[in-house]
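Working through the structure, step by step
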Amino acid sequence: MTEIQLIKSPFEIGNHPFNDAEIVKQVANFYQSVPFYQPTPLINLNQYAKKNNIGGLYVKDESQRFSKALKAFKATGGLYAMAYCIAKQAGLSTKNLKYSQLMTPLVRKVADQITFYTATDGNHGRGVAWAAEKLGTHAIVKMPAGSTKIRAEHIAAFNNVNVEITDKNYDDTVQLAKQLADKDPNGILIQDMAWEGYTEIPQAISAGYSIIVTEILRQIDTDNYPTHIFLQAGVGQLSSGIIDALYSLLPKDKRPVITIVEPATVACYYLSAQVADNNLHTVPGSPRTIMAGLNCQTPSLISFPVIRDTASFYGTLTDNVARIGMRTLSTPVGTDSKIISGESGVAAFAYVNAVLQDQHLRKKIGLDAKARVLVINTEGDTDEQVYQEIIKNN
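To start, this report covers the structure provided alongside it.

The rules behind the values
Each chain carries its own residue numbering, running from 1 in the direction its sequence is written. The predicted origin of the model limits local features to residues at a pLDDT of at least 70 and limits the giving and counting of side-chain atom pairs to 80 or more, whereas totals for whole chains, interfaces and linings rest on all residues. By convention in this description, side-chain values take in all heavy atoms of the structure and omit both hydrogens and water. The criterion for an aromatic pair is that two Phe, Tyr or Trp rings (for Trp, the six-membered ring) have centres within 6.5 Å, with stacked assigned to planes under 30 degrees apart, edge-to-face to planes over 60 apart and tilted to the rest. Runs of H or I in DSSP of at least four residues are treated as helices and runs of E of at least two as strands, each being numbered from the N terminus. Exposure classes here rest on a 1.4 Å probe applied to the protein chains alone. A residue is buried below 20% of its type maximum, exposed above 50%, and partly exposed in between. Note on geometry: a ring has a charge over it if NZ (lysine) or CZ (arginine) is within 6 Å of the ring centre and within 35 degrees of the ring normal. Here the nonpolar core consists of buried residues drawn from Ala, Val, Leu, Ile, Met, Phe, Trp, Tyr and Cys, with membership extended through side-chain atoms lying within 4.5 Å. Residue contacts follow a heavy-atom distance rule, with two residues in contact if any of their heavy atoms lie within 4.5 Å. The span you would expect from a helix comes to 1.5 Å times its residue count less one. Two strands pair if DSSP finds at least two bridges between them. Angles run from 0 to 180 degrees between N-to-C directions of axes, and those axes are lines fitted to C-alpha atoms, restricted for helices to the stretch in contact. Call a crossover right-handed when, viewed with both strands pointing away from you, the route from the first strand across the helix to the second goes clockwise. Roughly parallel means an angle under 35 degrees; roughly antiparallel, over 145; roughly perpendicular, 65 to 115; everything else is oblique. Residues are sorted three ways: Asp, Glu, Lys and Arg are charged, Ala, Val, Leu, Ile, Met, Phe, Trp, Tyr, Cys and Pro are nonpolar, and all the rest, Gly among them, are polar.

1. Here we look at the packing of aromatic side chains
- One pass over the structure, following the stated rule, counts 15 aromatic pairs.
- Ring centres 6.4 Å apart and planes at 80 degrees place the aromatic pair Phe11 and Phe304 in the edge-to-face group. Within this pair, whereas Phe11 is found in the loop between β1 (4-8) and α1 (21-32), its partner Phe304 is found in helix α12 (residues 303-308), the two being separated by 293 residues in sequence. Like Phe304, Phe11 is buried.
- Look at Phe36 and Trp130: their rings are 5.6 Å apart centre to centre, the planes differ by 85 degrees, and that puts the pair in the edge-to-face class. Taken together, the residues Phe36 in the loop between α1 and β2 (42-44) and Trp130 in helix α6 (residues 123-135) connect sequence positions 94 residues apart.
- Exposure remark for Phe36: the relative accessible area of 23% places this residue in the partly exposed category.
- An aromatic cluster is present here, built from Phe30, Tyr31, Phe36, Tyr37, Phe66, Tyr80, Tyr99 and Trp130 joined pairwise through their rings.
- The ring of Phe66 carries the charged tip of Arg65 above its face, separated from the ring centre by 5.7 Å.
- Across the ring face of Phe36, the terminal group of Lys134 is positioned such that the distance to the ring centre comes to 4.5 Å.

2. Topic: the nonpolar core
- In terms of nonpolar packing, the biggest core is built from 97 residues, with Phe30, Tyr31, Met82, Ile86, Leu102, Ile260 and Tyr314 touching the most fellow members.
- Beyond its immediate chain neighbours, meaning those up to four positions away, Phe30 contacts Leu79, Tyr80, Ala83, Leu97, Lys98, Tyr99 and Leu102.
- Within the second largest apolar cluster, 39 residues are counted, among which are Leu45, Ile54, Ala347 and Val355.

3. Points about helix α10 (residues 237-249)
- Given a rise of 1.5 Å per residue, 13 residues ought to cover 18 Å, and the 18 Å separating the end C-alpha atoms of α10 matches this to within 8%.
- Most of α10 is tucked away: 12 of the 13 residues are buried.
- The set of residues buried in α10 consists of Gln237, Leu238, Ser239, Ser240, Gly241, Ile242, Ile243, Asp244, Ala245, Leu246, Tyr247 and Ser248.

4. Quick word on the environment of Trp130
- Here Trp130 falls in the buried class, since its relative accessible area comes to 3%.
- Separated by 93 residues in the primary sequence, Trp130 and Asp223 have C-alpha atoms spaced 37 Å apart.
- Not counting chain neighbours up to four residues away, the residues in contact with Trp130 comprise Phe36, Phe66, Ser67, Leu70, Ala75, Leu79 and Phe158.

5. A short note on the sheet that holds strand β9 (residues 257-263)
- One open sheet holds the seven strands; their spatial order is β1-β10-β9-β8-β11-β3-β2, and the pairing between them is mixed. Looking along the sheet, the strands with just one partner apiece sit at the ends: β1 and β2. On average, each strand axis in the sheet is inclined to that of its neighbour by 25 degrees, with strand direction left out of account.
- By the bridge criterion, six bridges tie strand β3 (residues 56-61) to strand β11 (residues 372-377) in an arrangement that is parallel. What sits directly across from Tyr58, in β11, is Leu374.
- Relative to the sheet, α10 contacts β8 (228-232), β9 and β11, its axis offset from that of β8 by approximately 150 degrees.

6. Here we look at the sheet that holds strand β6 (residues 162-165)
- Reading across the sheet, the four strands line up as β6-β5-β4-β7 and stay open at both edges, with parallel pairing between neighbours. Each edge of the open sheet carries a strand with a single partner, namely β6 and β7 (187-189). Averaged over neighbouring strand pairs, the angle between their axes works out to 20 degrees when direction is ignored.
- In this sheet, β6 lies alongside strand β5 (residues 138-143) in parallel orientation, the contact comprising four bridges. Counterpart to Val141 in the pairing with β6 is Val163.
- Strand contacts of helix α7 (residues 149-156): β5 and β6, with the helix running at about 165 degrees to β6, the strand carrying the most contacts.

7. What about the pairing of β5?
- Of all six residues in β5, five are buried, a share of seventy percent or more.
- Pairing of strand β4 (residues 115-119) with β5, which is carried by five bridges, proceeds in the parallel orientation. Within the sheet, the bridge partner assigned to Thr115 lies in β5 and is His138.
- In this fold, the crossover linking β4 to β5 by way of α6 has right-handed handedness.
- Taking the sense of rotation as the criterion, the β-α-β connection linking β5, α7 and β6 turns out right-handed.

8. Some details on the packing of helix α13 (residues 319-330) against helix α16 (residues 384-392)
- Packing of α13 against α16 leaves a shortest axis separation of 9 Å and a crossing angle of 85 degrees. Taken together, the axes of α13 and α16 are roughly perpendicular relative to one another. Contacts between α13 and α16 involve Arg323, Met326, Arg327 and Ser330 on the former and, on the latter, Tyr387, Ile390 and Ile391.
- Here the residues of the contact of α13 with α16 sort into four nonpolar, one polar and two charged.

Structure representation (structure tokens):
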């Protein structure tokens, strides 16, 4: 198998109606009201960039999001979407929502009557379980076959949340969670994937991710805005959320070149670009990859059009490339900061790291001496044992 692949988008770029910047502002205002909220760091790997002859490489480090017990970005979407759902159930306006409104006895009573159901490879379920504990509500989490026991244990640690590793693949596990929520009169499905008839909550999750963009634009000088951004995709909810927020805030001449990155064994966006009929396509079977958070076979209905209309390139990487990326971040160049990055979290950086060693591909994407690259480390060592095995096994 080729270690990395790259294709240019066959789709027409640039005509997507992006989110109103007001939505991004509402999410930022909500998080400013959350007492335990802190921005995650944007790390400048200056020495790495010099070594590889590019203008800059910035890593938004979501391994430090909210709590040492989370180590991933997912809670930004889960907390906001869960707050959104509880507010609606309690008759509150979802516009200009403040965390303190959710802490009143009346709203807490409403929250206590709700059970949120979800399917997860790990980080989304962990974020949902954590948010449920914070907001005084309940969660039931289903995980696909192949999920590690330690990831399930991390989820269950929050308020003893009910977690089960099923014998189903990811898509079928999502459908199981949906069936359970539908049977429960007080159940709500909180899934970071959309399909026909299920878009409102995934939109709220995607909106929650926009806080990452708000922080980045505050952390980086306007003269150093990225020229290129690489985004890892599972169902695409994070990627589309980042793109929507970024493109709603930036003028057209400041918008970066976007490359979508996926595991080679389960690349539904890459497949859809290959078929090139403007429709989303599903990777068949029960594929495996160490990048568990990206092991998703079907693009999200609301994410696919955003990515289709904005991404210039689609790429894939093998598990071996991901491992090399993890080791590279753990052993920084010169004075660069060490970054702990998990198997899924590292995907975008690992892909860039591999492309920079391939003169043909870096020229194709435009990674020259003036290129300023942004990637998001979406998770830290969420499975500590696997992380240590990979880092130590050189």
